Amino acid sequence: MDLVRLAWTFLWLSFLCIGGGLGIVPEIERQAVTAHQWISSREFVDAYTIAQLTPGPNMKIAAFIGYAARGPLGALVAAVAMFVPPAILTALVSQHWGRFRGRPWALASEHTLAAIGMGLMAGGCYTLARSAIHDVRSGAIAVGAALALMTGRVPPLPVVLAAGLAGWLLG
Amino acid sequence: MTRPSLVRLTAVFAWIGLASLGGGRSAYFHDALVVRRRWLRDEEFLQDLAVSQVMPGPNFSNLAVALGHRLRGYPGGACALLALVLPGCLLFLALALFLREGLGPDATHVLYGMGAAVVVLVLVMTWRILVVGIRGRVSVILAAGTFLAVGPLRLPTYVGIAAMIVLGLWLNRPRASDALTPRESD
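## Things to note about the overall build of chain A
Each helix and strand in chain A was counted, giving seven helices and zero strands. Relative to a compact globule of 171 residues, whose C-alpha radius of gyration would be 16 Å, chain A shows 20 Å and is clearly more extended. Dimensions along the principal axes, computed over C-alpha positions, put chain A at roughly 50 × 45 × 25 Å. Here chain A holds 171 residues, and 49% of them are scored as buried. In chain A, the proportion of contacts linking residues at least 24 apart, taken out of those at least 6 apart, comes to 47%.

Spelled out as structure tokens, the structure:
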């Protein structure tokens with residue numbers, strides 16, 4: 001029964017998720033912590049921090065909540081519910097979009113959606129920057145990272161690792 | 001444009017998934033597939049980005065599916081999804097369960113420094129997409145409006161998107177004079 005509830009919850013959460021996962025984080029917390037008590041509020045915050053700093057989509061937090069609720073099978077069910085149905089929809093739309101493209105309103109929609117997509121990306125950067133850079137220490141690390149990246153000689157990963165070291169030394 | 005094999009596609013998408021620190025950001029795909037490997041043109045990427053952003057569901061995995069589908073059809077889309085989500089998911093689960101007692105102070109400081117650098121990285125890559133993606137006055141208005149709504153104004157995302165779709169469809173509405181010459185500038 002819990003598995004069905006997990007699947008259903010993450011299914012509708014995934015369909016609420018429009019224009020970036022950040023938007024539905026409050027709702028995920030409401031469901032997982034308050035409504036179903038799958039994890040504690042503290043666990044949720046820590047899991048989200050780790051989700052942001054490990055690679056891949058942030059919505060993998062679904063797997064963690066599923067694991068906490070029902071073990072490995074719960075993790076699988078929650079992750080599948082979160083990722084697979086929207087993926088099928090996206091593939092279907094991608095398949096048929098080409099055929100509609102030539103029509104005037106399709107072109108108008110595409111121009112509109114593309115521009116909105118740009119705005120959403122910029123907005124996501126803004127939200128991310130506000131939570132990660134908020135004092136002199138993080139500002140200094142950010143400036144250092146920007147200088148290193150702008151030379152174009154240093155690959156991103158060493159820059160991020162060096163920044164982690166800097167955070168530890170300054171901390 | 002060369003199109004990769006399914007195996008190569010899976011390997012590259014898995015690598016993008018693993019390299020995309022800071023929570024998946026679409027900019028990583030642009031960098032890897034358009035700028036560095038030239039598997040796709042800017043227009044193709046932007047079209048898939050638009051589709052993935054308005055489809056419900058996690059954006060980053062939707063984009064992977066749309067791009068994978070464009071490169072290798074439905075099998076490409078399926079491999080793209082699996083390659084992108086699975087490695088990061090396992091890594092995250094392992095780490096989250098390991099650190100379940102809560103983060104120690106040392107780990108917090110390291111994550112804090114890495115977080116600041118990741119933001120800069122995402123900014124740099126996003127900037128490159130914005131430069132090629134925003135063309136024409138109408139696009140500037142819509143992008144800026146969306147940014148203000150979901151960024152500084154902190155409106156619910158769906159409210160901002162809905163308002164901008166209405167405005168955008170009106171500003172981009174087909175006009176009789178466009179019938180023969182679609183406006184590429186917008």
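Alright, that's what it looks like, and here's the rest.
## Remarks on the overall build of chain B
The helix and strand tally for chain B stands at seven helices and zero strands. Beginning at the N terminus, the succession of helices and strands in chain B can be written as α-α-α-α-α-α-α. Expressed as a percentage of the 186 residues in chain B, the buried residues total 53%. Summarising the internal contacts of chain B: among those between residues at least 6 apart in sequence, 56% fall at separations of at least 24.

## Points about the nonpolar core
Judged by nonpolar contacts, the single largest core of 108 residues is most densely connected at Phe64, Ile65 and Ala78 of chain A together with Ala80, Leu81 and Ala117 of chain B. Element by element, the count of residues in this core is highest for helix H4 (residues 59-98) of chain B, at 19 residues. Structurally, this core is a two-domain feature, drawing no fewer than three residues from each of domain 1 (1-103) and domain 2 (122-171) of chain A. Those residues in contact with Leu81 of chain B that sit more than four places away from it in its chain are Phe83 and Ala87 of chain A together with Ser61, Ala64 and Val65 of chain B.

## A closer look at the confidence of the model for chain B
Averaged over every residue, the pLDDT of chain B is 84; the share at 70 or more is 89%. This prediction of the complex comes with two scores: 0.75 for pTM and 0.75 for ipTM.

## Description of the domain arrangement of chain A
What the domain assignment lists for chain A is domain 1 (1-103) and domain 2 (122-171). Centre-to-centre, using C-alpha coordinates, domain 1 of chain A lies 28 Å away from domain 2 of chain A.

## Points about the packing of helix H4 (residues 61-100) of chain A against H4 of chain B
Closest axis-to-axis distance for the H4 of chain A/H4 of chain B pair is 10 Å, and the angle between their directions is 165°. In terms of axis orientation, H4 of chain A runs roughly antiparallel to H4 of chain B. Considering the relative orientation of H4 of chain A and H4 of chain B, their crossing is right-handed.

## Topic: helix H7 (residues 157-171) of chain B
Residues separated by three or four positions in an α-helix point in the same direction, a consequence of the helix having 3.6 residues per turn. Here H7 of chain B spans 21 Å end to end across 15 residues, near enough to the 21 Å set by a 1.5 Å rise per residue. Of the residues making up H7 of chain B, those classed as buried are Thr157, Gly160, Ile161, Met164 and Gly168 of chain B. Seen end-on, H7 of chain B carries its buried residues on one side only, within an arc spanning 90°. Exposed side of H7 of chain B, more than 90 degrees from the buried face: Val159, Val166 and Trp170 of chain B are the residues found there. Looking at the buried side of H7 of chain B, the elements it contacts are helix H5 (104-132) of chain A together with helix H6 (137-150) of chain B.

## Concerning the packing of helix H7 (residues 156-170) of chain A against helix H5 (residues 105-133) of chain B
Interhelical geometry of H7 of chain A versus H5 of chain B gives an angle of 140° and a closest axis separation of 7 Å. Regarding the angle of H7 of chain A to H5 of chain B, the classification is oblique. Here H7 of chain A runs over H5 of chain B; the crossing is right-handed. From H7 of chain A, Pro156, Val159, Val160, Ala163, Gly164, Leu165, Ala166, Gly167 and Trp168 of chain A reach across to H5 of chain B, where they touch Asp106, His109, Val110, Tyr112, Gly113, Met114, Ala116, Ala117, Val118 and Leu121 of chain B. The class makeup of the residues in the contact of H7 of chain A with H5 of chain B is 14 nonpolar, four polar and one charged.

## Description of the environment of Arg72 of chain B
Residues and elements named next belong to chain B. Inspection of the secondary structure puts Arg72 in helix H4. On the neighbour-count criterion, Arg72 (20 C-beta atoms within 10 Å) is buried. For the pair Arg72 and Pro4, spaced 68 residues apart in sequence, the C-alpha separation works out to 7.9 Å. With sequence-adjacent residues up to four places away left out, Arg72 is seen in contact with Leu6 and Leu9.

## Regarding unusual backbone geometry
A negative phi angle characterises most non-glycine residues, just as the trans form characterises most peptide bonds. You will see that Gln37 of chain A, though not glycine, has its phi angle at about 50°, which is positive. Along the chain, Gln37 of chain A turns up in the loop between helix H2 (25-35) and helix H3 (41-53). Although it is not a glycine, Arg38 of chain B adopts a positive phi angle of roughly 55°. Note on placement: Arg38 of chain B falls in the loop between helix H2 (27-36) and helix H3 (42-54). Using a count of 10 C-beta atoms within 10 Å as the deciding quantity, one classes Arg38 of chain B as exposed.

## A closer look at the confidence of the model for chain A
On average, residues of chain A score 85 in pLDDT, and 96% of them are at 70 or above. Here H3 of chain A is the element of chain A with the lowest mean pLDDT, 77, and helix H6 (residues 136-150) of chain A is the one with the highest, 92.

What counts as what
- Residues numbered from 1 in each chain as written.
- Chains lettered and ligands numbered in written order.
- Predicted model: local features only at pLDDT ≥ 70, side-chain atom pairs only at ≥ 80, totals over all residues.
- Helix = DSSP H or I, 4+ residues; strand = E, 2+ residues; numbered from the N terminus.
- Rg over C-alpha atoms; globule rule 2.2 N^0.38 Å.
- Buried ≥ 20, exposed ≤ 12 C-beta atoms within 10 Å, placed from the backbone.
- Contact = placed C-beta atoms within 7 Å.
- Core = buried A, V, L, I, M, F, W, Y, C linked by C-beta atoms within 7 Å.
- Domains from an automatic or database assignment.
- pLDDT = per-residue confidence, 0-100.
- Axes fitted to C-alpha atoms, helices over the stretch in contact; angles between N-to-C directions.
- Parallel < 35°, antiparallel > 145°, perpendicular 65-115°, else oblique.
- Left-handed = near helix turned anticlockwise from the far one by under 90°.
- Expected span 1.5 Å × (residues − 1).
- Arc of directions from axis to C-beta.
- Nonpolar A, V, L, I, M, F, W, Y, C, P; charged D, E, K, R; others polar.

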